[in-house]
Amino acid sequence: MKLSGGVEWALHCCVVLTAATEPVPAARLAQLHDVSPSYLAKQMQALSRADLVKSVQGKTGGYVLTRTAADISVLDVVQAVDGASPAFTCTEIRQRGPFGTPPQDCTKPCPIARTMSAADAAWRASLQAVSIADLVGSVELDSGPDALPAIGGWLNAATGSEG
């Protein structure tokens, strides 16, 4: 399974947005993660189209989560950025070549398609089972309880608020 780099960026942004008390501009998120502001803005737009974040206009504008962190799954973010298409698409190769199976005899997916479909379903179920809140909890365990509040304060310092 190969995911775009945008998925990683979007997930990190969702996690740190939980610590912000004010909307956070995409440029500030890009600065925090030392990534391209224009590329990060595209990921934030994808999250916005999926209604995972919303853009707040004005002097203190920026992005905020639209739901609680517990109500946003990792799968929601992956699908927002990379789409919901399955990782594997069967092309019915078994019907080709000199020993191809006639289409009328292909009444069910072949073992390869079944295996790949099951793997895709398991992968999606695994990502659906992890929320942004779960990731926040893991960050707190790994980096300490003060890490995200410190990031939130830094993010909000740009808007004149202290978090």
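Values in this document were obtained by computation on a predicted structure and should not be read as measured data.

What counts and what doesn't
Per chain, residues are indexed from 1 in the order of the written sequence. Per-residue local features are limited, in this predicted model, to residues with pLDDT of at least 70; the limit for side-chain atom pairs, both in listing and counting, is 80 or more; totals at the level of whole chains, interfaces and linings are taken over all residues. Side-chain numbers come from the whole structure's heavy atoms, not from hydrogens or water. Secondary structure follows DSSP: runs of H or I at least 4 residues long count as helices, runs of E at least 2 residues long count as strands, and numbering of each begins at the N terminus. For each residue, the accessible area found with a 1.4 Å probe, counting protein chains only, is set against the maximum for its type, and the residue is called buried under 20%, exposed over 50%, and partly exposed in between. Here a Phe, Tyr or Trp ring, Trp counted by its six-membered ring, pairs with any other such ring whose centre lies within 6.5 Å, and the pair is stacked when the planes are under 30 degrees apart, edge-to-face when over 60, and tilted otherwise. Criterion for a charge above a ring: Lys NZ or Arg CZ within 6 Å of the ring centre, and within 35 degrees of the ring normal.

Asks: Help me understand unusual backbone geometry in this model?
Replies: The bulk of non-glycine residues show a negative phi, and the bulk of peptide bonds are trans. Phi is positive for Asp-34, which is not a glycine, with a value near 55°. Within the fold, Asp-34 resides in the loop between α2 (26-33) and α3 (37-49). Owing to a relative accessible area of 70%, Asp-34 belongs among the exposed residues under this scheme. Positive phi is not limited to glycine here, since Glu-92 has a value of about 55°. With respect to the element layout, Glu-92 can be found in the loop between α4 (74-82) and α5 (111-128).

Asks: So what exactly am I meant to see when it comes to the packing of aromatic side chains here?
Replies: Each aromatic ring pair is summarised here by two numbers: the centre-to-centre distance and the angle between the ring planes. One pass over the structure, following the stated rule, counts 1 aromatic pair. Judged by centre distance (4.8 Å) and plane angle (85°), the rings of Trp-9 and Tyr-39 are edge-to-face. Remark: Tyr-39 occurs in helix α3 and Trp-9 occurs in helix α1 (residues 5-17); sequence separation between them is 30 residues. A relative accessible area of 32% places Tyr-39 in the partly exposed class. Arg-28 extends its terminal NZ or CZ atom over the ring of Trp-154, reaching a point 3.5 Å from the ring centre.

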